[in-house]
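In case you want the letters, here they are:
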Amino acid sequence: MAEVVDVPETSDRTLNRMVGATVVVLSVLLTIGNIKDGNIVQNMQGDQASKIDLWNEYQATKIKAHLSEDTATLLSATNKPQESAAAAGAAARYRSESKDLQDQAKAAESDYDVQGRRDDQFDLAEGFMSIALAVSGIAALTESRKLLMIGWAAAAFGLLFLVAGFLELPIHPDVLVRFLT
């Protein structure tokens, strides 16, 4: 028969309650942050796809503009003014379209960059809160209030980045993000 090991009950139930409450709060915050982060990543993927499509369409439109300009020049040289004017009009239309496409592609690229910074904030929040969870768990095992305080400090940083991500605040430790990427 298996031997039963008695685990001594901790003498500090208050510490265990604080750790338990910490774990619950951090788990809920992590879940909320992960849902938002997942949505941001989906938006980033959409922006990336749009950016690529728009730049491709921009390049194709620029090629059409050049071909229309060349056609207008050739038609002008062969004394076909009406056809030359039509080709020149098409070239102007393509140049205008390409400018619009370029602006849309740059906007998608800019939105991707903004969303990327927010994604970094949620990633940092998750990292700090995971550290806080681990340290808080060890605090319960070692019955150390000091470790719980360290866990709360890590949780505070995680909460800072979580709030910054939700409120789109410009809190972004570039040095830390560069180190981690």
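Just so we're clear, the structure is a prediction, and the values are computed from it rather than from any experiment.

Colleague: I'm lost on the overall build of the chain in this one. Help?
Modeller: For the chain, the count of helices and strands is four helices and zero strands. Starting at the N terminus, the α and β elements of the chain follow one another as α-α-α-α. Taking 181 residues into account, the globule formula puts the C-alpha radius of gyration at 16 Å, and the chain, at 29 Å, lies well above it. Here the chain holds 181 residues, and 30% of them are scored as buried. The long-range share in the chain, meaning contacts at least 24 apart out of those at least 6 apart in sequence, stands at 80%. Averaged over its 16 positive side-chain charges, the chain has a centre that lies 5 Å from the centre of its 24 negative ones.

Colleague: Is there a simple way to think about empty space enclosed by the protein in this case?
Modeller: According to the stated counting rule, one finds one cavity of 30 Å³ or more in the structure shown. In this structure, the largest cavity encloses a volume near 40 Å³. Contributions of two or more residues to the lining of the largest cavity are made by α1 (13-77) and α2 (81-142). Looking at the lining of the largest cavity residue by residue, the class counts come to six nonpolar, two polar and one charged.

Colleague: Before we go on, may I ask you to explain the pattern of salt bridges in this structure?
Modeller: When the charged atoms of two side chains with opposite charge come close together, those side chains can pair. Under the definition given, this model contains five salt bridges. The partner of E97 in a salt bridge is R93, with the nearest N and O atoms 3.4 Å apart. Highlighted residues: E97 and R93, both in helix α2, separated by four residues, approximately one helical turn. Looking at E97, the relative accessible area reads 32%, which means it is partly exposed. Two residues, D174 and R117, come together in a salt bridge whose shortest N-O distance is 3.4 Å. Highlighted residues: D174 in helix α4 (residues 174-180) and R117 in helix α2, separated in sequence by 57 residues.

Colleague: Explain a nonpolar patch on the surface here, please?
Modeller: Where nonpolar side chains cluster on the molecular surface, the patch consists of V24, V28, I32, L159, V163, F166, L167 and L169 and spans about 660 Å² of accessible area. Within the residue set of the nonpolar patch, elements represented by two or more residues are α1 and α3 (145-167). Here the element with the most residues in the nonpolar patch is α3; it accounts for four residues. Classification of I32 as partly exposed rests on a relative accessible area of 41%.

Colleague: I tried to follow the packing of α1 against α2 on my own but got confused; where do I start?
Modeller: The axes of two packed helices give the description: the angle between them and the distance between them. Following both chains from N to C, one finds α1 and α2 inclined at 165°, their axes separated by 5 Å at the closest point. If you check the angle between α1 and α2, you find them roughly antiparallel. The chirality of how α1 crosses α2 is left-handed. Classifying every residue of the contact of α1 with α2 by side-chain character gives 30 nonpolar, 18 polar and 18 charged.

Analysis parameters
Residues numbered from 1 in each chain as written. Predicted model: local features only at pLDDT ≥ 70, side-chain atom pairs only at ≥ 80, totals over all residues. Heavy atoms only, no water. Helix = DSSP H or I, 4+ residues; strand = E, 2+ residues; numbered from the N terminus. Rg over C-alpha atoms; globule rule 2.2 N^0.38 Å. Buried < 20%, exposed > 50% of the residue type's maximum accessible area, 1.4 Å probe, protein only. Contact = heavy atoms within 4.5 Å. Lys, Arg positive; Asp, Glu negative; His and termini not counted. Charge placed at Lys NZ, Arg CZ, Asp CG, Glu CD. 1 Å grid on protein atoms, 1.4 Å probe; cavity = no way out; pocket = protein on both sides within 12 Å on 5 of 7 lines; lining within 4 Å. Points joined across faces, edges and corners; volume = space filled by probe spheres on them. Nonpolar A, V, L, I, M, F, W, Y, C, P; charged D, E, K, R; others polar. Salt bridge = Lys/Arg side-chain N within 4 Å of Asp/Glu carboxyl O. Patch = residues over 30% accessible without salt bridge, like charges linked within 9 Å, V, L, I, M, F, W, Y side chains within 5 Å. Areas by Shrake-Rupley, 256 points an atom, 1.4 Å probe, with all protein chains shown as cover. Axes fitted to C-alpha atoms, helices over the stretch in contact; angles between N-to-C directions. Parallel < 35°, antiparallel > 145°, perpendicular 65-115°, else oblique. Left-handed = near helix turned anticlockwise from the far one by under 90°.

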